[in-house]
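Below, each chain spelled out in residue letters.
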Amino acid sequence: MTKNEYMKVLSHKLRRLPKDDYYKAIEYFEEYFAEAGPEHEQEAIGDLGAPQDAAKSLIVDLAAQNAKEPPKTLKKGLSAIWIAILAVFAAPIAVPLAISLIILVGALLISLGIVILSILLSAVGIAAAGIASAVGGFLLLFQSFADGLCSLGLGLFCTGFGILLTYGSFVFFRWLIKKLSVSLGRLTKGGRKNEADH
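These remarks concern the structure in this document. Note that this is a predicted model, so its numbers are computed, not measured.

1. Points about the packing of helix α1 (residues 3-13) against helix α2 (residues 19-36)
Part 1 of the argument: The contact between α1 and α2 brings their axes to 11 Å, and the two run at 165°. By the angle class used here, α1 and α2 are roughly antiparallel. Viewed along their axes, α1 and α2 form a crossing whose handedness is right-handed. For the pair α1 and α2, contact is made by Lys3, Tyr6, Met7, Leu10 and Ser11 and by Tyr22, Ile26, Phe29, Glu30 and Phe33, respectively.
Part 2 of the argument: Considered class by class, the residues forming the contact of α1 with α2 number 7 nonpolar, 1 polar and 2 charged.

Have a look at this one:
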């Protein structure tokens, strides 16, 4: 196998990685071959092992790295979850178990997404009702001061509560993505330890 054939197979195996991780991985392997030089190409291929094994190892390493260093942004968190899912499929566990795990994680994510979306829509509704109540209360101040003041206060409270609930939903979703990516990374890291034990 030549370097070009090796890189072609490796590139195909890593194609499902997020773009940033894919390009970093390809760059790493290109540099590895460049340092070895054309005369030591076969030795480099022997050191790296089969391209399929190198790809699996890289994906599992990325998942383990995400487990150690939780992602700081939502985009990186979603990428980490995707890498962990790829690592589960790359780990030496039974395919039905991997499929069951993916379905379970997917169902959990969909369920939590629906709950968070419901809370978010409720929060926006509460904030909108609060704004309408505050405007109505302000206008009512000129007709009945006590009723207007009560409506204004209730409207401001609902607006503040709605904004707080909206912000809380976003914070909770980011926290959930971070924890899920770390948990999946640990799961794949555990599978790799079991492989090393055998």
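Picking up where we left off.
2. A few points about the environment of glycine 125
Part 1 of the argument: Within the secondary structure, glycine 125 sits in helix α6 (residues 95-140).
Part 2 of the argument: Along the chain, glycine 125 and cysteine 158 lie 33 residues apart, while their C-alpha atoms are 9.5 Å from each other.

3. Topic: helix α3 (residues 41-48)
Part 1 of the argument: Among all positions in α3, only Glu41, Ala44, Ile45 and Leu48 are buried. The arc that holds the buried residues of α3, viewed along the axis, is 100°, so those residues lie on one side. Exposed side chains of α3 directed beyond 90 degrees from the buried face belong to Glu43, Gly46 and Asp47.
Part 2 of the argument: Of the residues one or two after α3, glycine 49 is the one with positive phi, at around 85°.

4. A few points about the nonpolar core
Part 1 of the argument: In terms of nonpolar packing, the biggest core is built from 19 residues, with Tyr6, Leu10 and Leu14 touching the most fellow members.
Part 2 of the argument: Of all the secondary structure elements, the ones that give two or more residues to this core are α1, α2, α3 and α4 (51-68).
Part 3 of the argument: Of the residues forming this core, the biggest block, 6 residues, is contributed by α2.
Part 4 of the argument: The contacts of leucine 14, once residues within four sequence positions are left out, are Tyr22, Ala25, Ile26, Ala55, Leu58 and Ile59.

5. Side note on the pattern of salt bridges
Opposite charge on two side chains permits pairing when their charged atoms draw close.
Part 1 of the argument: Overall, the coordinates contain 1 salt bridge when judged by the stated rule.
Part 2 of the argument: A salt bridge links lysine 3 to glutamate 30; the shortest N-O distance between them is 2.9 Å. Here lysine 3 is found in helix α1, whereas its partner glutamate 30 is found in helix α2, with 27 residues between them in sequence.
Part 3 of the argument: In this structure glutamate 30 comes out as partly exposed when scored by relative accessible area, which is 32%.

How each quantity is defined
Residues numbered from 1 in each chain as written. Predicted model: local features only at pLDDT ≥ 70, side-chain atom pairs only at ≥ 80, totals over all residues. Heavy atoms only, no water. Axes fitted to C-alpha atoms, helices over the stretch in contact; angles between N-to-C directions. Helix = DSSP H or I, 4+ residues; strand = E, 2+ residues; numbered from the N terminus. Parallel < 35°, antiparallel > 145°, perpendicular 65-115°, else oblique. Left-handed = near helix turned anticlockwise from the far one by under 90°. Contact = heavy atoms within 4.5 Å. Nonpolar A, V, L, I, M, F, W, Y, C, P; charged D, E, K, R; others polar. Buried < 20%, exposed > 50% of the residue type's maximum accessible area, 1.4 Å probe, protein only. Arc of directions from axis to C-beta. Core = buried A, V, L, I, M, F, W, Y, C linked by side-chain atoms within 4.5 Å. Salt bridge = Lys/Arg side-chain N within 4 Å of Asp/Glu carboxyl O.

Such coordinate-based values are descriptive only and should not be taken to indicate function.
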